[in-house]
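Residue-level structure breakdown
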Amino acid sequence: MIEARHLTKVFDLPPARARRALDTGTDRGRAVREAGGVLAVDDVSFSVQQGELFVVMGLSGSGKSTVIRMINRLVAPTAGNVVYDGTDVGGMTRQQLRELRNKRVGMVFQHFALFPHRTVRENAAYGLKARGMPRRERLQRADRALEQVGLGQRGDAYPDEFSGGMKQRVGLARALTTDPDVLIMDEPFSALDPLTRRSMQEQLLELQRDFRKTIIFVTHDLNEAMRIGDRIMVMRDGRIVQLGTGPEIISRPADGYVHDFVSDVDRTRVLTASTVMQPPWVTATLDEDPASVLARMEESRGRGVYVTDPGGEIAGVVTPALLSEAIAEHRADLGDCVGDDYTAVPDDTPLVEFCHLAGGHTVPLAVVDRNKHLVGVVPRARVLDAIASAPKDVNEHA
Ligand SMILES: Nc1ncnc2c1ncn2[C@@H]1O[C@H](COP(=O)(O)OP(=O)(O)O)[C@@H](O)[C@H]1O
Ligand SMILES: [Mg+2]
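Quick caveat: nothing in here was measured; it's all calculated off a predicted structure.

The next thing to look at is the site of ligand 1. The local shell around ligand 1 consists of Phe 11, Asp 12, Val 38, Ala 40, Leu 59, Ser 60, Gly 61, Ser 62, Gly 63, Lys 64, Ser 65 and Thr 66. Within the backbone of Ser 62, one N or O atom sits 3.2 Å away from an oxygen atom of ligand 1. A distance of 3.1 Å separates an oxygen atom of ligand 1 from a polar backbone atom of Gly 63. Taken by itself ligand 1 offers 560 Å² of open surface, and the protein chains cover 61% of this.

What follows deals with the packing of helix H14 (residues 290-300) against helix H15 (residues 320-328). Between H14 and H15, whose axes approach to 9 Å, the crossing angle comes to 145°. Our pair here, H14 against H15, has a crossing hand that is left-handed. When H14 is examined against H15, the residues Pro 290, Ala 291, Val 293, Leu 294 and Met 297 are found in contact with a partner set consisting of Pro 320, Leu 323, Ser 324 and Ile 327. Looking at the contact of H14 with H15 residue by residue, the classes come out as eight nonpolar, one polar and no charged.

Taken as a whole and judged by the stated rule, the model has five aromatic pairs. Directly above the ring of Phe 115 sits Arg 118, whose terminal nitrogen or CZ lies 4.7 Å from the centroid.

A word on the confidence of the model for the chain. Chain-level statistics for the chain give a pLDDT mean of 90 and a share of 97% at 70 or above. In the model, residues 392-398 has pLDDT below 50 throughout and makes eight contacts with residues more than four positions away in sequence or in other chains.

Strand order in the open sheet formed by four strands is S2-S1-S4-S5, with antiparallel pairing between adjacent strands. The open sheet terminates on both sides in strands that have one partner only, identified here as strand S2 (38-48) and strand S5 (87-88). Note: strand S1 (residues 2-11) against S2, seven bridges, orientation antiparallel. Each residue of the ladder has a partner; that of Ile 2, found in S2, is Val 48.

This part is about unusual backbone geometry. Trans is the prevailing form of peptide bonds, just as negative phi is the prevailing case for residues other than glycine. With a phi close to 55°, Asp 43 is a non-glycine residue in the positive phi region. In this structure, Asp 43 sits in strand S2. Judged by relative accessible area, Asp 43 falls into the partly exposed class, the value being 34%. Despite not being glycine, Asp 179 shows a phi value in the positive range, around 50°. Here Asp 179 shows up in the loop between helix H7 (164-176) and strand S7 (182-186).

How each quantity is defined
Residues numbered from 1 in each chain as written. Chains lettered and ligands numbered in written order. Predicted model: local features only at pLDDT ≥ 70, side-chain atom pairs only at ≥ 80, totals over all residues. Heavy atoms only, no water. Near = heavy atom within 4 Å. Polar contact = N/O pair within 3.5 Å; in protein donor to acceptor, adjacent residues only side chain to side chain. Areas by Shrake-Rupley, 256 points an atom, 1.4 Å probe, with all protein chains shown as cover. Axes fitted to C-alpha atoms, helices over the stretch in contact; angles between N-to-C directions. Helix = DSSP H or I, 4+ residues; strand = E, 2+ residues; numbered from the N terminus. Left-handed = near helix turned anticlockwise from the far one by under 90°. Contact = heavy atoms within 4.5 Å. Nonpolar A, V, L, I, M, F, W, Y, C, P; charged D, E, K, R; others polar. Phe/Tyr/Trp six-rings, centres within 6.5 Å; stacked < 30°, edge-to-face > 60°. Lys NZ or Arg CZ within 6 Å of the ring centre and 35° of its normal. pLDDT = per-residue confidence, 0-100. Pairing = 2+ DSSP bridges. Buried < 20%, exposed > 50% of the residue type's maximum accessible area, 1.4 Å probe, protein only.

Right, here's the structure in full:
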């Protein structure tokens, strides 16, 4: 949907001199600095999928705002380009660019101006004015957008009656009135207190679930990034240091910088069953006979194994005791031996929701995908490791 290719931005130098400095070779940042410029964004490439909630994370000054402003060309790149839905934004006519900004890409900022003498409804409708839409329709659309952000009944109020969180909702509603395909949000919740912030994050996730917006969300808070992001792009000094899902970043930080960030994160909410599971050591299928399964278990000294049906779903669990009994009674069908002493969790369950379940049975916790297929197991030790261990040091997995 959005593809950024080698985006680079130098401030405070004429374009030609900026490009000359960039071409000088190894240390581009230094070359630009010595020429009197600022290399705000340095060769950043990424793509955002339709319906994705893509987070750009980094400390203040790392180039986040500059990157996202290049998407709709509020900032013109010094080098590189953006392709929006197949069209090169750099090659757009004025008219196309205006349409991109006014209709297709909505923006929400940390601080934005609400007009104090206008109602919340009129404030929300503000973005539609430029489109020559009749007033009645503008206000109707504003009401619909206010509804979407949980302010459905508050259109007649004035901004100064609103808390910070509610004002941000009005800002979000304003961005939603044009029904944009993409929402770009630059630290929209950073000025809010933690509780309000939390509820705004929930609201945003709901909004994305219901309306499948593509959202690019900027934050300097990794916890926030982890809570809402499908993928997170970590930036430092204008460059990408890591791009991946929250669990990927938390379990394999790319360098010491990301590692330090990650050590503050509540791992139990980020890690999921699929990120901590391992392949089952031994499994059996329903068509096997009890004796051969028992032999295999003795070899591996397992205390129990999962038995799957031909479709890959869990049929139950067998233990050496159950198998021996079946063999003694000449029962040849494994389906007659299985017990149900196990627990299965969906693969996207956060660790915090299943850690207490690990270790409750002779077999480790089962992890199933959305088709109920057994995809892995989580032994108790694995849960403890995941909670206790600081993320692996860079050197350790180098
Ligand atoms: N309009 C500008 N003129 C000059 N320098 C700028 C401008 N905008 C940003 N910068 C510089 O570019 C770098 C990146 O800034 P920014 O993209 O705002 O970072 P972030 O949003 O991550 O805080 C900083 O060093 C900042 O001072
Ligand atoms: Mg910024």
